[in-house]
Amino acid sequence: MTTGHSSHTEVVREQFRIQSAQFEEQVGGGYNRDIPGWILDNLALTGNESALDVATGTGIMARDLAPRVAHVTGIDVTPEMLAQARRIASDAGIANIAFDDGDAAALPYPDNQFDLVISRIAVHHFANPEVELGEMRRVCQPEGRVVIVDITAADDAALAEAHNRLERLRDPSHTTACSVAGLTALAERCALKVVHTGETDAVRDLDEWLDLTAAPASVRQTVTAAFEAELAGGTVTGMQAFREAGRLKFVHHWAVLVCELTGE
Ligand SMILES: C[S@@+](CC[C@H](N)C(=O)[O-])C[C@H]1O[C@@H](n2cnc3c(N)ncnc32)[C@H](O)[C@@H]1O
């Protein structure tokens, strides 16, 4: 079921049609090989879980979960990302994995279906995260866990807005990266109690990051100029810009929030 044909859904589909060309190479294998192990370390899996990976993309999180849970389903709204997810999992001979086409805002599953419902680096693309997170909670069984993994913005509102503005310029499907406190408050509004939080940093290369979205020259110039201005002592980007071996880089701060369900 692919519902929610909002204009934002179409922006997401178009953006990830573009990103699907380099997504596995950059995000699956490239810029921070420590992230998958760090996420799994935060999950304390039993091995018996029936898991759902919401906004699975090319299935990176789902494939990481597959050997550690009973079964994992990935769901996504972008056909080109899902096609890769299915092909890569099939080529790898993973038997306990399945992929569905669907919108996180209207998950095509009954209530209480899964033991673990996770979403990695996707909440900041959701049109109305309370709706999508509410759906994740609905399909999670009462004793299960909902896990949010996302890049976050600074606590300072001005820094967070500067950061989000550059993210939106580079990727129009970016809605808002929240602070860790903001994600925690979002979870609480969705009747979720955060029982564990993990945080880590990942360094990204600015040009590679812009390549992934095939950012037009005007966007590249604007974002690069913002980084150069910060390094010259001007307005901060909220992205901790720095230069290393002649290349512009920045820091993405990641958080994992493990949540239990509370009474509504
Ligand atoms: C940055 S990618 C992350 C993919 C994957 N979770 C990972 O960690 O590699 C974001 C993904 O979210 C998907 N997405 C965004 N909004 C969605 C929605 N409302 N329902 C389903 N998928 C969505 C996009 O299609 C894209 O594949």
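Further up the page is the structure itself.
Residues numbered from 1 in each chain as written. Predicted model: local features only at pLDDT ≥ 70, side-chain atom pairs only at ≥ 80, totals over all residues. Heavy atoms only, no water.

**Concerning the site of the ligand**
Worth spelling out the cut-off: Whether a residue is near a molecule or strand is decided by its heavy atoms; if any one of them lies within 4 Å of it, the residue is near. Two N or O atoms form a polar contact when they lie within 3.5 Å of each other; inside protein one atom must be a possible hydrogen donor and the other a possible acceptor, and for residues adjacent in sequence the pair counts only when both atoms belong to side chains. A 1.4 Å probe and the Shrake-Rupley method give the accessible areas. Residues count as covered only by the protein chains that appear here. Cavity means a closed set of points on a 1 Å grid over the protein atoms alone, one where a 1.4 Å probe fits but cannot get out, pocket means an open set with protein on both sides within 12 Å along at least 5 of 7 lines, and lining means a residue has an atom within 4 Å of a point. By definition, a pocket or cavity contains a molecule when more than half of the molecule's atoms lie within 2 Å of the pocket's grid points.
Neighbouring residues of the ligand: 19 residues in total, closest Ala-55, Asp-76, Thr-78, Ala-104 and Arg-120. At a separation of 2.6 Å, an oxygen atom of the ligand approaches a polar side-chain atom of Asp-76. Val-77 is positioned with one of its backbone polar atoms (N or O) 3.4 Å from a nitrogen atom of the ligand. In isolation the ligand exposes 590 Å². Once the protein is present, 96% of that is buried. Judged by the fraction of its atoms near the pocket grid, the ligand is located in the largest pocket.

**Description of the environment of Glu-167**
In plain terms, the rule: A run of DSSP states H or I qualifies as a helix once it reaches four residues; a run of E qualifies as a strand once it reaches two. Both are numbered from the N-terminal end. Burial classification: accessible surface area is computed with a 1.4 Å probe over protein chains only, and a residue below 20% of its type maximum counts as buried, one above 50% as exposed, and the rest as partly exposed.
Residue position: Glu-167 is located in helix α7 (residues 157–170). Classification of Glu-167 as buried rests on a relative accessible area of 2%.

**Describing the packing of aromatic side chains**
What describes a pair of aromatic rings is the distance from one ring centre to the other and the angle between the planes of the rings. Heads up, the condition is: For Phe, Tyr and Trp, where Trp contributes only its six-membered ring, two rings pair if their centres lie within 6.5 Å, and the inter-plane angle classes them as stacked under 30 degrees, edge-to-face over 60, or tilted in between.
Enumeration according to the criterion identifies 4 aromatic pairs in this entry. Between Tyr-109 and Phe-114, the ring centres sit 5.2 Å apart and the planes meet at 90 degrees, which makes this aromatic pair edge-to-face. In this structure Tyr-109 comes out as buried when scored by relative accessible area, which is 11%. Judged by relative accessible area, Phe-114 falls into the buried class, the value being 4%. When the ring of Trp-209 is compared with that of Phe-250, the centres are 4.8 Å apart and the planes differ by 65 degrees; the resulting orientation is edge-to-face. Placement of the pair is Trp-209 in helix α9 (residues 206–212) and Phe-250 in strand β8 (residues 247–261), with a sequence separation of 41 residues.

**Overview of the pattern of salt bridges**
Rules: Each reported salt bridge corresponds to a side-chain nitrogen of Lys or Arg within 4 Å of a carboxyl oxygen of Asp or Glu.
Counted according to the given criterion, the structure contains 14 salt bridges. Linking Arg-138 and Glu-135 is a salt bridge whose minimum nitrogen-to-oxygen distance equals 2.8 Å. Residue Arg-138 and its partner Glu-135 are both found in helix α6 (residues 129–138); the two are separated by 3 residues, about one turn of the helix. With a relative accessible area of 25%, Arg-138 lands in the partly exposed category. With relative accessibility at 14%, the residue Glu-135 sits in the buried group. One network of salt bridges, with partners in common, ties together Asp-111, Glu-135 and Arg-138.

**Some points on the pairing of strand β1 (residues 50–54)**
Quick reminder of the rule: Being paired, for any two strands, means DSSP has found at least two bridges between them. Consider the strands pointing away from the viewer: the crossover is right-handed when the path from the first strand over the helix to the second runs clockwise.
Of all the 5 residues making up β1, 4 are buried; the element is thus mostly covered by neighbouring parts of the structure. Note: β1 against strand β2 (residues 71–76), 5 bridges, orientation parallel. Across the sheet, Leu-52 pairs through a bridge with Thr-73, a residue of β2. Handedness of the β1-helix α4 (residues 60–65)-β2 crossover: right-handed.

**Thoughts on the pairing of β8**
Most of β8 is tucked away: 12 of the 15 residues are buried. Bridging between strand β5 (residues 140–152) and β8 involves 8 bridges; their strand directions are antiparallel. The residue of β8 that forms the bridge with Val-149 is Val-256. Bridge count between strand β6 (residues 192–205) and β8: 13 bridges; the pairing is antiparallel.

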